[in-house]
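A look at the structure
As a plain string of letters, each chain reads:
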Amino acid sequence: MKRITALLLFLVSLTWVYGQVFDQYFTDATLRIDYIFSGDVNKQNIAVDELCTSPRWYGKRQRLSEVPVEGNGQIIVRDHHSQQVIYRNSFSTLFQEWLSYDEAQTTTRAFQNVFLTPMPKDTVDVTVELYNNRRTVMTTLTHTVVPTDILIRHVGDHDVTPYETIQEAEDSSHCIHIAFIAEGYQESEMNVFMKDCQDAYKAMFSHEPFKSLRGRFNVVAVKAPSLESGTSSPSQGIWKKTALHSHFDTFYSDRYLTTLNLKDLHDWLAGTPYEHIIILVNSDQYGGGGILNSYNLTSTHHSYFKPVVVHEFGHSFGGLGDEYAYVFEQIPMYPHDVEPWEPNLTTLADFHGKWEDLIEEGTPIPTPESTSKKTIRHRVGLFEGAGYSLKGVYRACQDCRMRTNENPIFCPVCDRALRRLIDFYTK
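The following paragraphs examine the structure supplied in this document. (Residues numbered from 1 in each chain as written. Predicted model: local features only at pLDDT ≥ 70, side-chain atom pairs only at ≥ 80, totals over all residues. Heavy atoms only, no water.)

**Comments concerning helix 4 (residues 262–269)**
Convention followed: Between buried and exposed lies partly exposed: a residue is buried under 20% and exposed over 50% of the maximum accessible area for its type, with that area taken using a 1.4 Å probe on protein chains only. Strands are runs of DSSP state E lasting at least two residues, helices are runs of H or I lasting at least four, and both sets are numbered from the N terminus onward. Throughout, the arc means the angular range of directions from the helix axis out to the C-beta atoms.
Listed as buried for helix 4 are Leu262, Lys263, Leu265, His266 and Leu269. Buried residues of helix 4, viewed axially, fall in a sector of 160°; they line one side. Directly beyond the C-terminal end of helix 4, a positive phi value near 90° is found at Gly271.

**Remarks on the environment of Asn133**
Rule in force here: The contact criterion used throughout is that any non-hydrogen atoms of two residues lie within 4.5 Å.
Relative to the assigned elements, Asn133 resides in the loop between strand 6 (124–131) and strand 7 (137–145). A sequence separation of 210 residues divides Asn133 from Pro343, and the C-alpha atoms of the two residues are 15 Å apart. Apart from residues lying up to four places away in sequence, Asn133 is in contact with Pro332, Met333, Pro335 and Val338.

**A closer look at the sheet that holds strand 7**
Quick reminder of the rule: When DSSP locates at least two bridges between a pair of strands, those strands are taken to pair. To get an axis, fit a line to the C-alpha atoms, keeping to the stretch in contact for a helix; angles then go from 0 to 180 degrees between the N-to-C directions.
An order of 4-3-6-7 is seen for the 4 strands of this open sheet, with the pairing classed as antiparallel. Each edge of the sheet is formed by a strand with only one pairing partner; in this case those strands are strand 4 (85–91) and strand 7. Pairs of neighbouring strands in the sheet enclose a mean axial angle of 15°, with direction left out of account. Here 6 bridges tie strand 3 (residues 73–79) to strand 4, and the two strands are oriented antiparallel to one another. Note that in strand 4 the partner of Arg78 across the bridge is Val85.

**Concerning the layout of surface pockets**
Just so we agree on the cut-off: Lining residues are defined by having an atom within 4 Å of a point belonging to a cavity or pocket. Those points lie on a 1 Å grid over the protein atoms alone, cavities being sets where a 1.4 Å probe fits but cannot get out and pockets being open sets with protein on both sides within 12 Å along at least five of seven lines. Grid points are joined across faces, edges and corners, and a volume is the space filled by probe spheres set on the points.
Considering only enclosed or pocket space, the second largest pocket measures out at about 500 Å³ in volume. Taken together, 23 residues line the second largest pocket, and the ones lying closest to its centre are Pro68, Val69, Pro343, Gly353 and Arg420.

**Quick look at the pattern of salt bridges**
Which entries qualify depends on this criterion: Between Lys or Arg on one side and Asp or Glu on the other, a salt bridge is scored when a side-chain nitrogen of the former is within 4 Å of a carboxyl oxygen of the latter.
Counted under the stated rule, the structure contains 21 salt bridges. Between Asp267 and Arg32 there is a salt bridge; the shortest N-O distance is 2.8 Å. On the criterion of sequence distance, the pair formed by Asp267 in helix 4 and Arg32 in strand 1 (residues 26–39) is long-range, its members being 235 residues apart. With a relative accessible area of 33%, Asp267 lands in the partly exposed category. Take Arg32: its relative accessible area is 3%, and that puts it in the buried class. Ionic pairing is found between Glu50 and Lys263, a salt bridge with its closest N-O pair at 3.2 Å. Taken together, the residues span a long stretch of sequence, with Glu50 in strand 2 (residues 44–55) and Lys263 in helix 4 at a distance of 213 residues. A cluster of three or more residues bridged by salt bridges with shared partners is formed by Arg32, Asp34, Asp49, Glu50, Arg153, Lys263 and Asp267.

These results come straight from atomic positions and should not be treated as a statement about function.
As structure tokens, this is what we get:
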């Protein structure tokens, strides 16, 4: 009994310390920093575009200097005077993904990127680091932010986009904020958007671990209206006037649905309770995309809408990697002599600490495929073929929500990674 009491006192004191750190350095508001990432495969540049502030902070308030997954980049906030790291978050970007394509060999492009941090009370130095696929820094920028700067634009104080709360978290001070936002829905179609939100919400929270940890999430639906219904499909010559200017054919892949207009996205969301963003696109064409701690998109009126929105949230929230491989299209995103940071992929370059504890003794390595559905769902091993590569990259199970739309669950490894992430943000 004494041990339990001591543990409880320790946890309470730890929570108090975390809260004190936040209150020492930050106010209950959001600093939004807009960047332009540009360059090609040989040289990359980072430039500050604009700073904004909005009421309330909806991100983490504890473990401020830690990240649960490494990501393809990080934003690091230091107290200007002591140089102590007071906030850190990880992310991935479309710009970095684009660098793996042939176009980046001969062309220079620029991409918008937006990151949120709590609003500092005093001057801070902000560093943005971008990592290559060997997990080393390829470019970095450090700049100073003075919170009293009169050129920091105020957003979200008024004219907030209408939104509805789908679910309230049990503890709003220790929860994960998700915002569904409409894309390609006209004002007259918001009832359709709300139904699509409910379908997406039910699909996500029918999956473990979200199902059993539902109370740790706050979910809203943001009604951003578009002038036209649908989305753009360049390969069909279709260009629509929509709130977020989303389109298929990203990087010339017909099913890759993204938006490059991240400033517009965050302008629509300003003043609403959000951190993690799910864009629901009013289209019956198959497609989607998910980017760690940025956003994900899914077309809502295709038959695979529900599994795709869950899969893409696995990317944007969980930092999970794709577990499928291409026969003809080999994207060299995972060098075989470098261990991926994604918790559900390995090249065996440094497998320690991933899922070796879940592999039963005697399991052959690499693990052969099985025809048994029961074995497919539960057997953990090292199955070759993942991260878009047929050889050299391994996944934990034969099938998983991160591999196919037909599989109804996250595999044990992805499930555990998601639980750990939810605990990181909410405990």
